[in-house]
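# Residue-level structure breakdown
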Amino acid sequence: MANTSLSRDESGLRSRTIVIGEQSFPYYFGRDCVAEIGAAITALGPDKLVIVTDDDVRARYHHHLDTLAGSIPALILSHPSGESMKTLTCLSSHLETALRAGVTRRSVVVSFGGGVPGNLAGLMANLLFRGVRLVHVPTTTIAAMDSVLSLKQAINSGVGKNHLGTYYAPEAIFTDVELFTTLPERELRSGLCEMAKNCLAIQPSALDGLRRVIAAGELSSPHSLLWLLDASIAAKSAVTRSDTFERRAGLVLEYGHTTGHAIEICDHRVRGVAGLPHGAAIALGMLVAAHISHARGWLSDDDVSVHYEIVTGLGVEPALPASVSVDDVLAVIADDNKKGYLPPRPDTVPFVLLRSLGHPANTGDLPLVPVEVSEIRAALDVVARASAPVVVG
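Residues numbered from 1 in each chain as written. Predicted model: local features only at pLDDT ≥ 70, side-chain atom pairs only at ≥ 80, totals over all residues. Heavy atoms only, no water.

## Some points on the overall build of the protein chain
To keep things clear, this is the line we draw: Each helix corresponds to a stretch of at least 4 residues labelled H or I by DSSP, and each strand to a stretch of at least 2 residues labelled E; elements are numbered beginning at the N terminus. Only the C-alpha atoms count toward the radius of gyration. The rule for a globule is 2.2 Å times the residue count to the power 0.38. Here the term buried applies to any residue with accessible area under 20% of the maximum for its type, exposed to any over 50%, and partly exposed to those in between, with areas from a 1.4 Å probe on protein chains only. Working rule for contacts: check all heavy atoms of both residues, and any pair within 4.5 Å makes them a contact. Computed with the Shrake-Rupley method and a 1.4 Å probe, the accessible areas treat only the protein chains shown as cover for residues. Note on charges: Lys and Arg go in the positive column, Asp and Glu in the negative column, and His and the chain ends are not counted at all. Note on charges: their place is set at NZ of Lys, CZ of Arg, CG of Asp or CD of Glu.
The helix and strand tally for the protein chain stands at 14 helices and 14 strands. Taking 2.2 N^0.38 as the reference for a compact globule, 393 residues should give roughly 21 Å; the C-alpha atoms of the protein chain span a radius of gyration of 20 Å, in line with that estimate. Across its three principal directions, the C-alpha atoms of the protein chain cover 65 × 40 × 40 Å. Considering the protein chain as a whole, with its 393 residues, one finds that 56% of them fall into the buried category. Put simply, 74% of the contacts in the protein chain that link residues at least 6 apart link residues at least 24 apart. Of the roughly 15,300 Å² that the protein chain leaves accessible, carbon and sulfur atoms contribute 51%. Of note, the protein chain has its 33 positive side-chain charges centred 4 Å away from the centre of its 41 negative side-chain charges.

## A closer look at the packing of aromatic side chains
Keep this limit in mind: Note on ring pairs: Phe, Tyr and Trp rings are taken, using the six-membered ring of Trp, and paired if centres are within 6.5 Å. Classes follow the plane angle, with under 30 degrees stacked, over 60 edge-to-face and the rest tilted.
Per the stated rule, a full pass over the model turns up three aromatic pairs. With 5.8 Å between their ring centres and 85 degrees between their planes, Tyr 27 and Phe 29 make a pair best called edge-to-face. On the basis of relative accessibility, which here comes to 0%, the residue Tyr 27 falls in the buried class. Residues Tyr 61 and Phe 112 carry aromatic rings whose centres are separated by 6.1 Å and whose planes lie at 75 degrees to one another, so their mutual orientation is edge-to-face. With a gap of 51 residues between them, Tyr 61 in the loop between helix H2 (55–60) and helix H3 (62–69) and Phe 112 in strand S6 (residues 108–113) connect regions that are remote in the sequence.

## As for the packing of helix H8 (residues 207–216) against helix H9 (residues 222–240)
What counts here: Only the stretch in contact is used when a helix axis is fitted, and all axes are lines through C-alpha atoms; the angle between N-to-C directions ranges over 0 to 180 degrees. The cut-offs work like this: below 35 degrees is roughly parallel, past 145 is roughly antiparallel, 65 to 115 is roughly perpendicular, and the gaps in between are oblique. Crossing handedness is read from the near helix: turned anticlockwise from the far helix by less than a right angle, it gives a left-handed crossing, and turned clockwise, a right-handed one. Asp, Glu, Lys and Arg are counted as charged, while Ala, Val, Leu, Ile, Met, Phe, Trp, Tyr, Cys and Pro are counted as nonpolar; the rest, among them Gly, fall into the polar class.
H9 packs onto H8 with a crossing angle of 155 degrees between their chain directions and a minimal axis gap of 11 Å. Put simply, H8 runs roughly antiparallel to H9. Helix-helix and strand crossings are classified by hand; for H8 and H9 the assignment is left-handed. Between H8 and H9, the residues in contact are Gly 209, Leu 210 and Val 213 and Ser 224, Trp 227 and Leu 228, respectively. Tallied by class, residues from the contact of H8 with H9 come to four nonpolar, two polar and no charged.

## What to know about the side chain of His 307
What counts here: The definition of a polar contact used here is a pair of N or O atoms within 3.5 Å, where within protein one atom must be able to donate a hydrogen and the other to accept one, and adjacent residues in sequence count solely through side-chain atom pairs.
Among the structural elements, His 307 can be located in helix H12 (residues 301–313). Side-chain polar atoms of His 307 contact the side chain of Tyr 255, separated by 2.8 Å.

## Let's talk about the confidence of the model for the protein chain
Selection criterion: Residue-level confidence of the predictor, termed pLDDT, takes values from 0 up to 100.
For the protein chain, the average pLDDT comes to 89, and 95% of its residues sit at 70 or higher. Low pLDDT, under 50, characterises residues 387–393; the predicted model gives this stretch 17 contacts beyond four residues in sequence or across chains.

## Looking at the environment of Tyr 28
Mapped onto the elements, Tyr 28 comes out in strand S3 (residues 23–30). For Tyr 28, a relative accessible area of 21% corresponds to the partly exposed category. C-alpha of Tyr 28 to C-alpha of Ala 125: the two residues are 97 residues apart in sequence and 20 Å apart in space.

## A word on the pattern of salt bridges
The following threshold applies: Every case where a carboxyl oxygen of Asp or Glu lies within 4 Å of a side-chain nitrogen of Lys or Arg is listed as a salt bridge.
In the structure shown here, the tally under the stated rule is 16 salt bridges. Close ionic contact of Glu 83 with Lys 161 constitutes a salt bridge, the shortest N to O distance being 2.8 Å. On the criterion of sequence distance, the pair formed by Glu 83 in the loop between strand S5 (74–77) and helix H4 (88–100) and Lys 161 in the loop between strand S8 (152–155) and strand S9 (164–167) is long-range, its members being 78 residues apart. With relative accessibility at 23%, the residue Glu 83 sits in the partly exposed group. One salt bridge in this structure joins Glu 185 and Arg 189, with 2.6 Å as the shortest N-O distance. Of this pair, Glu 185 and Arg 189 both sit in helix H7 (residues 185–201), four residues apart, roughly one helical turn. On the basis of relative accessibility, which here comes to 21%, the residue Arg 189 falls in the partly exposed class.

## As for the state of the cysteines
Counted only if it meets this: Cysteine sulfur atoms that pair up within 2.5 Å are treated as a disulfide.
Following the criterion strictly, the structure yields zero disulfides and no others. Left unpaired, Cys 199 is separated from the closest cysteine sulfur, that of Cys 193, by 11 Å.

## Some thoughts on unusual backbone geometry
We note that Arg 130 has phi near 60 degrees; this positive angle belongs to a residue other than glycine. For Arg 130, the location among the structural elements is in the loop between helix H5 (115–127) and strand S7 (133–138). Exposure remark for Arg 130: the relative accessible area of 78% places this residue in the exposed category. Of note in the backbone geometry, Asp 347 takes a positive phi value of approximately 60 degrees without being a glycine. By the element assignment, Asp 347 lies in the loop between helix H13 (326–333) and strand S11 (348–351). Using a relative accessible area of 61% as the deciding quantity, one classes Asp 347 as exposed.

## Regarding the nonpolar core
Burial of nonpolar side chains together is a common tendency in soluble globular proteins. To be explicit about the condition: We call a set of buried residues a nonpolar core when its members are Ala, Val, Leu, Ile, Met, Phe, Trp, Tyr or Cys and they connect through side-chain atoms within 4.5 Å of each other.
Counting 109 residues, the largest nonpolar core has Tyr 27, Phe 112 and Ile 376 as the members making the most contacts within it. At 10 residues, helix H11 (residues 278–295) tops the list of elements feeding residues into this core. Every residue in contact with Phe 112, bar those within four places of it in the chain, is listed here: Ile 51, Val 52, Thr 53, Val 57, Tyr 61, His 64, Leu 65, Leu 68, Pro 117, Val 137, Thr 139 and Leu 179.

Following this line, the structure appears as structure tokens:
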């Protein structure tokens, strides 16, 4: 059994206990609480902290790093931001540096940043001495509302995204939503696209709340961020409560990711860090999935319009970037990491599709269905040329 429970600890931080299968860990969150987070990390009694971050986060929040470490010796491992961090080369370099610096089994690995440092730190913690303690301190909405709410830790292969990884539970997660208020607009909205995914695919009852936040133009207010974070935790926990490895019901969290990951990879190959942020790419992937479902007669015109309403409301241009071709996207999709969940069929790819908002299409007990490449191409062609809500007739 898995669920979440809300409480308030003695420091005033809100907390939820996240339970995923047999694993459980606390998620503490609040506002202006970096000092409290540092005290909580100190209370774990580490002999050394290994703080994994990226150069942009380190420059933006350098004054918080000393607060997090307190009097504990800290090794800060940083790297230029972006997907170049999620490689075996960077992982190996960080591990060797940490070992040479004298980390022990009492040390704690702390991720401080977005989903990329979080994944890298998770793998490091799992590999060092076959497992040392891991703490996540997400500084982006996408990390706080999505990636840390999982046991999945992964890096990229030379073939595709998130091919090399494992499952590892953190000791705790700590979030200060005040950090999000200083994010560049594109990073803030990127994370909220993942939250929108949870609404569309899992919890459509939260759509009205998301609409209110968008309409009020209050995406960066601490009050809105606390609500968005709490709603994300609730939605994601609903499908991982009995699915530790996200290989059954939890696969619905991949909504938009099959095409979205491919768009992200193709765009970053051309434009590097100037390419689409992860959440924006996933938003485009959701539009593609919605068009496929509509063409099958599953989603209504209104359902597709809701996708466009939310995606555009979060500031995502609903069209493929000029740097990305449909053929390139299809080539990357062929190596999607969901291959193998369904019996192989020629010219098909396993997809998360919706029969209605909040209700995925299933094959057996898996929220996956085979989709022909021709169907994907047709939907991609619509999104490639669209700049306004369009449905496939």
